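# Structural features, examined
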Amino acid sequence: MQPFRTRHSTAAVARSTYWGGVFAMSLGVFALVAAEFMPVSLLTPMATDLHISEGQAGQAISVSGLFALITSLCIAALARRCDRRLLLAALTGLMIVSASITACATSYPLFMLGRAFIGVAIGGFWSLSAAIAMRLVPDEQVPKALAIVNSGNALATVIAAPLGSLLGAMLGWRIAFFCVVPLAAIALVWILFSFPALPGNPGPQGRSKVSLLKRPAVALGMLAVSLFFMGQFSLFTYLRPFLETVTLVGPGTLSGMLLILGIGGFIGTYLIGSVLRNGLRRILVVIPFIMAVLAVALIIWGKNTSVVAILLAAWGLVGTSAPVAWWTWLARTLPDDAESGGGLLVALVQLAIASGAIVGGMLFDSLGYRATFGASAAILLVAAAIAAMAGRASHHSAEAV
């Protein structure tokens, strides 16, 4: 029984490999992630220009997350009836529309409309990414393709926030947002010219998201990935105030710390593809375990700048590469339902990120950073345990087949 085998995989093996399409998706992901988190580095000038509070401006991320969640739950039904190439191109085009509206917005409602559009693009693009990658390359190359796609995410986390802040200071926040437009336009043209036709399959429909969860391996895996992202973002969201108030770094050192975190993530994303083929189950357990240890280490050595820098590099190395492992898990566990499974995965991750930020924030405000980081470590340890259970369930399912 070969891995990643799908009802389309015979054609996938027989045709040429479309690495150009994989790199086009990576560029699209880079533009998408840059646009998603651009408000973080431009909050104050946006609020001033639109005559709103910084809290209202911060809702730009919340509304994009809401629409990403809704889209991720609905996109699989549309994908069954459409050419995936054209659907992905349409989502990339929506990125251009979103950035243009956001950059030109003269009122708060118009600004939020632009952010809603980027949410739709985020939910659709991420939900389809694994299923499309599985049809662009041979089965044995899927982990490598997913790593390349996710490298766009890793690169965006390295440079998007500092570059957005720099452009905002030099040219204004509107120009910073509009810089997404040419990137998305290049990705759009690249997708149209590098992708083969990827027709839908309106006949036999994939299983519903609820029915997917009836499989123990799927249910446990989805629970593990949800807890992983909840634990990760309950700490990561409050990393800046921790560095400012506990490690006592200045603005320049803070930027350097965040850059170290991003560079570690980029390296980890580059390296993980080579170890996933035969070590996926172990990786899904080891990553949250290591991050739990790092969270505890940050509590113990949080006042030591050098140690914190090393710990953040390690956090980025393993944490940013984790999505590649989970998308590979999805491709192996649900080869014939990757679109429905991808939509479910994206929806759960969006909920987990929001839940982690809320829980971490409540603990940070009431009990301090130690409670927040300790809770993150506890959640990540539970995620590691459930990931191990999911791996055993997948192994037993494979033996049954």
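Since the structure is predicted, the reported quantities are computational estimates derived from the model, not experimental observations.

## Some points on the overall build of the protein
Within the protein one finds 17 helices and 0 strands. Sequence-distant contacts, at least 24 apart, represent 86% of the contacts inside the protein between residues at least 6 apart. Of the roughly 16,500 Å² that the protein leaves accessible, carbon and sulfur atoms contribute 70%.

## Concerning empty space enclosed by the protein
Per the stated rule, a full pass over the model turns up 3 cavities of 30 Å³ or more. In this structure, the second largest cavity occupies an estimated 40 Å³ of space. Lining the second largest cavity are Trp 126, Ser 129, Leu 146, Val 149, Asn 150 and Trp 327. When contributions to the lining of the second largest cavity are tallied by element, the ones reaching two or more residues are helix H6 (108-136) and helix H7 (142-171). If you tally residues by element for the lining of the second largest cavity, the top one is H7, at 3 residues. In terms of residue class, the lining of the second largest cavity is made up of 4 nonpolar, 2 polar and no charged.

## Observations regarding the packing of aromatic side chains
In the structure shown here, the tally under the stated rule is 11 aromatic pairs. Plain terms: the ring middles of Phe 242 and Phe 373 are 4.8 Å apart, the flat faces sit at 50° to each other, and that makes the pair tilted. You can see Phe 242 sitting in helix H12 (residues 239-245) and its partner Phe 373 sitting in helix H17 (residues 369-400), a full 131 residues away along the chain. For Phe 242, a relative accessible area of 0% gives the class buried. In textbook terms, an aromatic cluster arises when at least three aromatic residues are bridged by ring pairs, as seen for Phe 228, Phe 229, Phe 233 and Phe 236.

## Re a nonpolar patch on the surface
Together, Leu 155, Ile 159, Leu 163, Leu 166, Met 170, Leu 171, Ile 175 and Phe 266 make up an exposed nonpolar region whose accessible area comes to about 710 Å². The leading source of residues in the nonpolar patch is H7, at 6 residues. Along the chain, the position of Ile 159 falls in helix H7.

## Quick look at helix H9 (residues 180-194)
An ideal rise of 1.5 Å per residue puts 21 Å on 15 residues; H9 measures up with 21 Å between its terminal C-alpha atoms. Among the residues making up H9, those that are buried are Val 180, Val 181, Ala 184, Ala 187, Leu 188, Ile 191 and Ser 194.

## Let's talk about the environment of Ser 165
Tracing the sequence through the fold places Ser 165 in helix H7. Between the C-alpha atoms of Ser 165 and Ala 176, which are 11 residues apart in sequence, the distance is 8.1 Å.

## A look at the confidence of the model for the protein
With 88% of its residues at a pLDDT of 70 or more, the protein shows a mean pLDDT of 83. The model gives residues 1-15 a pLDDT under 50, and that stretch makes 29 contacts with residues more than four places away or in other chains.

## Some thoughts on the packing of helix H13 (residues 251-301) against helix H14 (residues 305-319)
At a minimum axis separation of 6 Å, H13 and H14 run at an interaxial angle of 30°. For the contact of H13 with H14, a count of residues per class yields 22 nonpolar, 7 polar and no charged.

## What to know about the pattern of salt bridges
By the definition in use, this model includes 1 salt bridge. Among the salt bridges present, the one from Asp 49 reaches Arg 174, with a minimum N-O distance of 2.9 Å. Within this pair, whereas Asp 49 is found in helix H3 (residues 43-50), its partner Arg 174 is found in helix H8 (residues 173-178), the two being separated by 125 residues in sequence. Since its relative accessible area comes to 24%, Arg 174 is described here as partly exposed.

## Let's talk about the packing of H6 against helix H15 (residues 322-333)
The geometry of H6 relative to H15 is characterised by a closest axis approach of 10 Å and an angle of 60° between their N-to-C directions. In this view, H6 runs oblique relative to H15, as classed from their interaxial angle. Of the two elements, H6 crosses H15, and the hand of that crossing is right-handed. From H6, Trp 126, Ser 127, Ser 129, Ala 130 and Met 134 reach across to H15, where they touch Trp 327, Leu 330 and Ala 331.

## Here's the deal with unusual backbone geometry
The phi torsion at Leu 248 lies on the positive side, around 60°, for a residue other than glycine. Residue class for Leu 248 comes out exposed when judged on its relative accessible area of 64%.

## Topic: the side chain of Asn 153
Mapped onto the elements of the fold, Asn 153 is located in helix H7. By relative accessible area, Asn 153 is classed as buried at 15%. Residues in contact with Asn 153, not counting those within four places in the same chain, are Val 29, Val 33 and Trp 126.

## Considering the nonpolar core
Note that soluble globular proteins tend to have their nonpolar side chains buried in a common cluster. Counting residues in hydrophobic clusters, the biggest one holds 126 residues, and the most contacted among them are Phe 228, Phe 242 and Leu 243. Ignoring anything within four residues of it in the chain, the contact list for Phe 242 reads Thr 247, Leu 298, Gly 302, Val 308, Phe 364, Tyr 369 and Phe 373.

## Here's the deal with the side chain of Ser 72
Within the secondary structure, Ser 72 is located in helix H4 (residues 54-79). Here the side chain of Ser 72 touches Leu 69 through a polar contact of 2.7 Å, landing on its backbone oxygen. At 3.5 Å, the side chain of Ser 72 forms a polar contact with the backbone oxygen of Gly 343.

Procedures and definitions
Residues numbered from 1 in each chain as written. Predicted model: local features only at pLDDT ≥ 70, side-chain atom pairs only at ≥ 80, totals over all residues. Heavy atoms only, no water. Helix = DSSP H or I, 4+ residues; strand = E, 2+ residues; numbered from the N terminus. Contact = heavy atoms within 4.5 Å. Areas by Shrake-Rupley, 256 points an atom, 1.4 Å probe, with all protein chains shown as cover. 1 Å grid on protein atoms, 1.4 Å probe; cavity = no way out; pocket = protein on both sides within 12 Å on 5 of 7 lines; lining within 4 Å. Points joined across faces, edges and corners; volume = space filled by probe spheres on them. Nonpolar A, V, L, I, M, F, W, Y, C, P; charged D, E, K, R; others polar. Phe/Tyr/Trp six-rings, centres within 6.5 Å; stacked < 30°, edge-to-face > 60°. Buried < 20%, exposed > 50% of the residue type's maximum accessible area, 1.4 Å probe, protein only. Patch = residues over 30% accessible without salt bridge, like charges linked within 9 Å, V, L, I, M, F, W, Y side chains within 5 Å. Salt bridge = Lys/Arg side-chain N within 4 Å of Asp/Glu carboxyl O. Expected span 1.5 Å × (residues − 1). pLDDT = per-residue confidence, 0-100. Axes fitted to C-alpha atoms, helices over the stretch in contact; angles between N-to-C directions. Parallel < 35°, antiparallel > 145°, perpendicular 65-115°, else oblique. Left-handed = near helix turned anticlockwise from the far one by under 90°. Core = buried A, V, L, I, M, F, W, Y, C linked by side-chain atoms within 4.5 Å. Polar contact = N/O pair within 3.5 Å; in protein donor to acceptor, adjacent residues only side chain to side chain.

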